[in-house]
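Survey of secondary and tertiary structure
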Amino acid sequence: MKRVKKAIFPIAGLGTRFLPQSKAIPKELLPLGDKPLIHYAVEEAVLSQIEKILFIQRKGQKGAFEYFKRNKALEEILEEENKEKELLVLKEIENLANNVLITAKTQRKPIGIASAIYQARDFAFKEPCAVCFSDDIIDSKVPCLEQLQEIFLTCESPVLALKKVSPDRISSYGIVKVEKIANRFYKIKGTSEKPKLEDAPSNLAIVGRMILTEDVFDFLGKNREMTAKNVSISVALGEMAELGKAIYGYEIEGNWLECGDITSWYKSFVSTISKEKL
């Protein structure tokens, strides 16, 4: 089995939990320390040897795509003003973009993650494909996607990134029912979307990183109600697992910086700034 070389970035969401900020700033461009969220996620993909990225975005949404495009006019102004530090910042973005081919596709109506991912089926084109959510940033020695790559090369089946969460936070996540295979390695038996604590099948939450295979896109194509409603991809994968499809999970190593709502983003921002000042 070859390494995964493609990654889907679903960024078409409206970011309503960030209003009024998201009225002006798309969620994926919110800062985490001195860089926007999308920068960290793309950097992780590049470090994990991803060669092609597809942004699934909504109509008129161009910020993330433009962020990685070279701005020669701005460079010329900075050069004239001898702003070497700022030029180095732009050079870092340019170097990152030069290591991956980034394209974009418009999701006509942001109706859910399963729908967004299914729209990338032609991009995946029968190859395994990673999925990255820019509101989950993983601070780790080994990039999160690289950790999943290593598991995928062994099992050759869909792999979900997992992380243990405290009891008071379980109802905020997609939680998996699992059978433990080895240290940090599980077989997924089902998923539960934001369950009550007493109904949760485990304390393992799904993090916004996964590797999907061709049969996931086939399953979504045969169950189009999932792509016509606001359905999470974790729900579809849970149903596949219950039907006997081999789906695996890996409890990733590293610090999970959550940025899915204002409170978690603010905590992650403060944590990142504090670390950068040390």
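Note that the coordinates shown come from a computational prediction; the quantities given were computed from them, not determined experimentally.

1. Considerations on the nonpolar core
- Core analysis: the largest hydrophobic core is formed by 43 residues, its most contacted members being Phe-9, Val-42, Ile-53, Phe-55 and Phe-68.
- Sorting elements by how many residues they give to this core places helix α7 (residues 144-155) first, with six residues.
- Among the nonpolar cores identified, the runner-up in size contains 34 residues, and Ile-188, Leu-204, Met-210 and Leu-212 belong to it.

2. A word on unusual backbone geometry
- Between Leu-19 and Pro-20 the backbone carries a cis peptide bond, its omega angle lying at 5 degrees.
- For Pro-20, the location among the structural elements is in the loop between β1 (6-10) and β2 (31-32).
- For Gln-49, which is not glycine, the phi torsion reads 70 degrees and is therefore positive.
- Looking at where Gln-49 falls in the secondary structure, it is placed in the loop between α1 (37-47) and β4 (52-58).

3. A closer look at the packing of α1 against helix α4 (residues 84-97)
- It is at 10 Å that the axes of α1 and α4 come closest, and there the two elements cross at 45 degrees. Overall, the two elements α1 and α4 adopt an arrangement that is oblique. For the pair α1 and α4, the crossing hand works out as left-handed. Touching His-39, Val-42, Glu-43 and Val-46 of α1 are Glu-92, Ile-93 and Leu-96, all from α4.
- Residues of the contact of α1 with α4, tallied by class, amount to four nonpolar, one polar and two charged.

4. A word on the side chain of Gln-147
- Here Gln-147 lies in helix α7.
- Assessed through its relative accessible area of 6%, Gln-147 is described here as buried.
- Among the polar contacts listed, one links the side chain of Gln-147 to the backbone nitrogen of Glu-253, at a separation of 2.9 Å.

5. Thoughts on the pattern of salt bridges
- Considering all chains together, one arrives at 14 salt bridges under this definition.
- The partner of Asp-34 in a salt bridge is Lys-35, with the nearest N and O atoms 3.4 Å apart.
- According to the relative accessible area criterion, Lys-35 is buried, its value standing at 19%.
- Between Arg-70 and Glu-94 there is a salt bridge whose closest N-O contact spans 3.9 Å. Highlighted residues: Arg-70 in the loop between α2 (63-67) and α3 (72-80) and Glu-94 in helix α4, separated in sequence by 24 residues.
- By relative accessible area, which is 16% here, Glu-94 ends up buried.
- Shared partners join several salt bridges into a network, and the residues in it are Arg-70, Glu-75, Lys-91 and Glu-94.

Cut-offs applied
Residues numbered from 1 in each chain as written. Predicted model: local features only at pLDDT ≥ 70, side-chain atom pairs only at ≥ 80, totals over all residues. Heavy atoms only, no water. Core = buried A, V, L, I, M, F, W, Y, C linked by side-chain atoms within 4.5 Å. Buried < 20%, exposed > 50% of the residue type's maximum accessible area, 1.4 Å probe, protein only. Helix = DSSP H or I, 4+ residues; strand = E, 2+ residues; numbered from the N terminus. Axes fitted to C-alpha atoms, helices over the stretch in contact; angles between N-to-C directions. Parallel < 35°, antiparallel > 145°, perpendicular 65-115°, else oblique. Left-handed = near helix turned anticlockwise from the far one by under 90°. Contact = heavy atoms within 4.5 Å. Nonpolar A, V, L, I, M, F, W, Y, C, P; charged D, E, K, R; others polar. Polar contact = N/O pair within 3.5 Å; in protein donor to acceptor, adjacent residues only side chain to side chain. Salt bridge = Lys/Arg side-chain N within 4 Å of Asp/Glu carboxyl O.

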